[in-house]
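Here's the letter readout for the chains.
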Amino acid sequence: FGPEPTIPDVPYAEWKARIEKARKLMRESKIDLLMVASEKNCRYFTASTHGHWLAPSILPQVALIPVESEPVILCGEFFRMTFEAQSWIRDIRRQIDAHQIPHEQEFPKEIAATIKEMGYGKATIAIEQGPLGHMYIPRPINHIKAFMEELPEARFVDGDKVIWGCRMIKSPLEIDRLTAAVAIHRQAIATVVEQYRPGMTEKDVGKLFLCTAYEKGADWVLSGHIMCGRDKEGMFDTGYHFDGVTINKGDYLSM
């Protein structure tokens, strides 16, 4: 795809500001390298939008952000062109046959080997852990243990303050996107209110919500909980399927 991404998720200035903010916070905390491996953090720091996180057998992506040198992406070979097309990170290390079980088991060691190659084998490494919310590495414990054992001279510390120090203050681009998303969501809810009629089913309501959201410009829609009528009274967070429950006059509808 060439020396620059052809369809980046964010402009270069937005991505660069995120990396520089992370580096500033890393220097303040005496952190040499930040490693992220979860979906939200990888998207934030690498500007990639793939949805392969739903496959629990593999870790589709790891990002290594050094305090000085250029960031690195590690991924399966089948994702190389995805990152070339989307991410401003251009150092992309690929693993062949990532879906093969022996290679899945070796990936933590390959991450550690890359860190050593980058010169951070004895450094202070921040990983996705700490008391601030939603910090985790989406791998089995034995994979995380194997990764750490390959770096016996490294010092592992919490990365939560660096990550949330970047993410919790929204940029103008993020605010614009949040504003657009809220407007789409509000319109979808309003359409349900306007077009609901007694005798409709949960599926009818779900179609109204989903179709309106897509028609108004949504890229991706998760309808969330829909609860209709007496048959499901008191049932909250019932998943994203729509049962054939009919909503009658006098019933209530919760979304």
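Refer to the preceding data block for the structure.
Note that the structure is predicted; figures quoted are calculated from it, not measured.

Peer 1: What's the story with the environment of glycine 199 in this structure? I'm lost.
Peer 2: As for its position among the elements, glycine 199 is in the loop between helix H7 (172-195) and helix H8 (202-215). Put simply, glycine 199 and asparagine 248 are 49 residues apart on the chain and 5.4 Å apart in space, counted from C-alpha to C-alpha. Residues in contact with glycine 199, not counting those within four places in the same chain, are Thr246, Ile247 and Asn248.

Peer 1: What is the right way to read the nonpolar core from this model?
Peer 2: In this structure, Leu34, Met35, Phe45, Val62, Leu64, Ile111 and Ile115 are the most contacted members of the largest nonpolar core, which totals 51 residues. Within the residue set of this core, elements represented by two or more residues are helix H1 (12-28), strand E1 (33-36), helix H2 (39-46), strand E2 (61-66), strand E3 (72-76), helix H4 (101-117), strand E5 (124-127) and helix H6 (160-167). A per-element tally of this core places H1 first, with five residues. Setting aside its immediate chain neighbours within four residues, leucine 64 contacts Leu33, Leu34, Met35, Pro71, Val72, Leu74, Thr114, Ile115 and Met118. If you look at the next biggest cluster of nonpolar residues, it comprises 13 residues, including Ile184, Val192, Met200 and Ile226.

Peer 1: Quick question: what am I supposed to make of unusual backbone geometry here?
Peer 2: It is generally the case that most residues other than glycine have a negative phi and that most peptide bonds are trans. For lysine 30, which is not glycine, the phi dihedral falls at a positive 55 degrees. Position of lysine 30 relative to the elements: it lies in the loop between H1 and E1. Positive phi is not limited to glycine here, since alanine 47 has a value of about 65 degrees. Following the sequence through the fold, alanine 47 ends up in the loop between H2 and E2.

Peer 1: What is the right way to look at the environment of alanine 37 in this model?
Peer 2: Tracing the sequence through the fold places alanine 37 in the loop between E1 and H2. Among the residues examined, alanine 37 registers a relative accessible area of 1% and is labelled buried. In this structure, the C-alpha to C-alpha distance between alanine 37 and phenylalanine 83, residues 46 residues apart in sequence, is 15 Å. Discounting chain neighbours no more than four positions away, the residues touching alanine 37 are Cys42, Trp53, Leu59, Gln61, Val62, Glu128, Ile137 and Pro138.

Peer 1: Which parts of the structure should I look at to understand the packing of H7 against H8?
Peer 2: The relative placement of two packed helices is expressed as an angle between their axes plus a distance between the axes. The geometry of H7 relative to H8 is characterised by a closest axis approach of 8 Å and an angle of 145 degrees between their N-to-C directions. The crossing of H7 and H8 is right-handed. Residues Ile184, His185, Gln187, Ala188, Ile189, Thr191, Val192 and Gln195 of H7 form the contact with H8, whose participating residues are Val205, Leu208, Phe209, Thr212 and Ala213.

Cut-off values and rules
- Residues numbered from 1 in each chain as written.
- Predicted model: local features only at pLDDT ≥ 70, side-chain atom pairs only at ≥ 80, totals over all residues.
- Heavy atoms only, no water.
- Helix = DSSP H or I, 4+ residues; strand = E, 2+ residues; numbered from the N terminus.
- Contact = heavy atoms within 4.5 Å.
- Core = buried A, V, L, I, M, F, W, Y, C linked by side-chain atoms within 4.5 Å.
- Buried < 20%, exposed > 50% of the residue type's maximum accessible area, 1.4 Å probe, protein only.
- Axes fitted to C-alpha atoms, helices over the stretch in contact; angles between N-to-C directions.
- Left-handed = near helix turned anticlockwise from the far one by under 90°.

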